[in-house]
Amino acid sequence: MKWNRTTTIWVIIVLCSVITYTLVRIIMPGRKAPVYTVSVIMQDSGSNRWRSFREGMNQCAADRSVVVNIVSTGHYTQRFELAEIIRREQANGADGLIVDPAMDDSGQELENLLSATPSVLAETGLSGQTLIDVVKPDGYQLGCLIGKAVLDNEELSEGTAIGVLSGNQNTLHMQECRKGFLETLGSYAEQIQWNLTEQSLSSGDLLGISMGAKPVDILVALDNEAMEKAIDFVTGNIRNSCRLYGQGRSEKCIYYLDQGVISTLVVPDEFMMGYAAMARLLSKLTTYSPAVQSQEIRILSVSRENLYDDETAGILFPVVS
C-alpha cells in the first residue's frame with residue numbers, strides 16, 4: 001500500500017509537470033516584450049527643423065515595443081515652464097524621457113527632476129551636470145567650422161563688416177558654439193559690428209534696425225532659428241547683398257543653400273542624434289546601466305558644390321525604412 005501511494009504521488013507530480021510545460025509552450029510564443037512609453041520634449045516640437053531628429057528616433061523605436069510621444073510644446077524659455085512639462089509627463093506614466101532643455105540649469109533643478117526617470121538630453125547638455133546622458137553635436141567644433149567657412153571663402157580685410165546672430169545664449173551648447181566661432185576668426189572678430197542673441201531678437205525688428213545703423217557684408221547665424229531669420233531678412237530686402245554663413249537643418253535652410261542665398265551651411269547629423277538618443281534611453285530602460293555617457297554626433301560643412309554628395313545626402317536626406 002505504501003508503494004502504491006508513492007507511485008500515485010509521483011504520477012501526479014509528472015502529470016503536473018507535463019501540464020505546466022505544455023502551458024508554458026503555449027503561452028510563451030504569444031508573450032510580448034514590455035511596451036515602453038517614451039516622451040520626447042523639444043522646444044517648438046512642431047518645427048520642421050526637428051524632422052530628421054524625429055525620423056531617427058522613430059527608426060530606432062520601430063519593432064522595439066516603444067510608443068513615442070512627441071510632446072506638443074511652444075517656445076519655452078523659463079526653467080519652471082520646462083519643469084512643469086517634465087513633471088506632467090512623469091505623472092502621466094512616461095517610462096523614459098528624451099529632452100532638449102533649450103536652457104542652462106544653474107540651480108540643478110532640471111537635473112534633479114530628470115534623475116527620477118530614465119532620461120537622455122539631446123542637442124545640449126547642462127553645465128556641471130553629471131547624472132544625465134547626453135547626445136549632441138560638439139558646440140565648439142560647430143562654431144569653429146562656421147568660422148573656418150568664413151575664412152576659407154571670404155577675402156577678409158579691415159573694411160569687411162560682420163554681423164552675428166548668436167542664437168539662444170542661455171544654453172551651454174550655443175555658448176560653446178559662439179566661443180568656437182570667435183576664436184577661429186581670431187583678430188577678424190574685431191570686425192563684428194553687432195551680435196544679436198535670440199532673446200534680443202524677440203522684441204521688435206532689431207535685425208533691421210542694426211542693419212540700417214551698421215550694414216554688414218557677412219551675416220553669420222549660429223543656429224537654425226537665427227539662420228531662418230537671416231534668410232527672411234536677406235530675401236525680403238533686395239538691396240541687401242550680404243553673404244550668409246552658419247548652422248541650419250530645416251528644409252528652408254537647405255532650399256536657400258541650394259538657391260545660393262546661403263554660402264555655407266554647417267549641419268549636425270540630427271537623424272543620428274535622434275537614433276542614438278533613443279538607443280541610449282532603451283538601453284537604460286532594458287538593462288542596468290549606471291554609467292553616464294556623453295555621445296557626440298558628426299557635423300558637416302555643406303555648400304552648393306557638395307550638397308548632393310553621397311555623404312552629405314545621407315545626413316540631409318536620410319532613407320528611412
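Computed from a prediction, not measured in an experiment: that's the story for all the values here.

## Comments concerning the packing of helix H9 (residues 224-236) against helix H10 (residues 251-258)
Argument step 1. Contact pair H9 / H10: the axes reach a minimum separation of 10 Å and the direction vectors enclose 50°. Considering the angle they form, H9 stands oblique to H10. Two packed elements cross with a definite hand, and for H9 against H10 that hand is left-handed. Contact with H9, carried on its side by Asn224, Met227, Glu228, Ile231, Asp232 and Thr235, involves Lys252, Cys253 and Tyr256 of H10 and no other residues of that element.
Argument step 2. Of the residues assigned to the contact of H9 with H10, the class counts are four nonpolar, two polar and three charged.

## Details of the sheet that holds strand S12 (residues 299-302)
Argument step 1. Across the sheet, which stays open at both edges, the six strands sit in the order S7-S6-S8-S9-S10-S12 with mixed pairing between neighbours. Edge strands, defined here as strands with exactly one partner in the open sheet, are strand S7 (192-197) and S12. The sheet shows a mean angle of 10° between the axes of neighbouring strands, taken without regard to direction.
Argument step 2. In terms of strand pairing, strand S8 (residues 218-221) meets strand S9 (residues 243-247) through four bridges, oriented parallel. Paired with Ala221 across the two strands is Gly246, which belongs to S9.
Argument step 3. Contacting strand S6 (162-167), S7 and S8, helix H6 (residues 172-185) crosses the sheet at an angle of about 160° to S6.

## Quick look at the sheet that holds strand S3 (residues 96-99)
Argument step 1. Pairing in this open sheet of six strands is parallel, and the strands run S2-S1-S3-S4-S5-S11 from one edge to the other. Unpaired on one side and paired on the other, strand S2 (66-70) and strand S11 (294-297) mark the two borders of the sheet. Strand-to-strand twist in this sheet, taken as the mean axis angle between neighbours without regard to direction, amounts to 20°.
Argument step 2. Direction of pairing for strand S5 (residues 133-137) relative to S11: parallel, over a ladder of four bridges. Residue pairing for S11: Lys136 is matched across the bridge by Glu296.

## Re the side chain of Glu154
Argument step 1. For Glu154, the position within the fold is in the loop between helix H5 (139-153) and S6.
Argument step 2. With a relative accessible area of 13%, Glu154 lands in the buried category.
Argument step 3. A distance of 2.7 Å separates the side chain of Glu154 from the side chain of Tyr245, its partner in a polar contact.
Argument step 4. Ignoring any residue separated from it by four or fewer positions in sequence, one finds Glu154 in contact with Ile218, Arg243 and Tyr245.

## Notes on H9
Argument step 1. Given a rise of 1.5 Å per residue, 13 residues ought to cover 18 Å, and the 18 Å separating the end C-alpha atoms of H9 matches this to within 8%.
Argument step 2. Considered for burial, the residues of H9 that qualify are Asn224, Ala226, Met227, Ala230, Ile231, Phe233 and Val234.
Argument step 3. Looking at the buried side of H9, the elements it contacts are S6, helix H8 (206-213), S8, S9, H10 and strand S10 (262-268).

What counts as what
- Residues numbered from 1 in each chain as written.
- Predicted model: local features only at pLDDT ≥ 70, side-chain atom pairs only at ≥ 80, totals over all residues.
- Heavy atoms only, no water.
- Axes fitted to C-alpha atoms, helices over the stretch in contact; angles between N-to-C directions.
- Helix = DSSP H or I, 4+ residues; strand = E, 2+ residues; numbered from the N terminus.
- Parallel < 35°, antiparallel > 145°, perpendicular 65-115°, else oblique.
- Left-handed = near helix turned anticlockwise from the far one by under 90°.
- Contact = heavy atoms within 4.5 Å.
- Nonpolar A, V, L, I, M, F, W, Y, C, P; charged D, E, K, R; others polar.
- Pairing = 2+ DSSP bridges.
- Buried < 20%, exposed > 50% of the residue type's maximum accessible area, 1.4 Å probe, protein only.
- Polar contact = N/O pair within 3.5 Å; in protein donor to acceptor, adjacent residues only side chain to side chain.
- Expected span 1.5 Å × (residues − 1).

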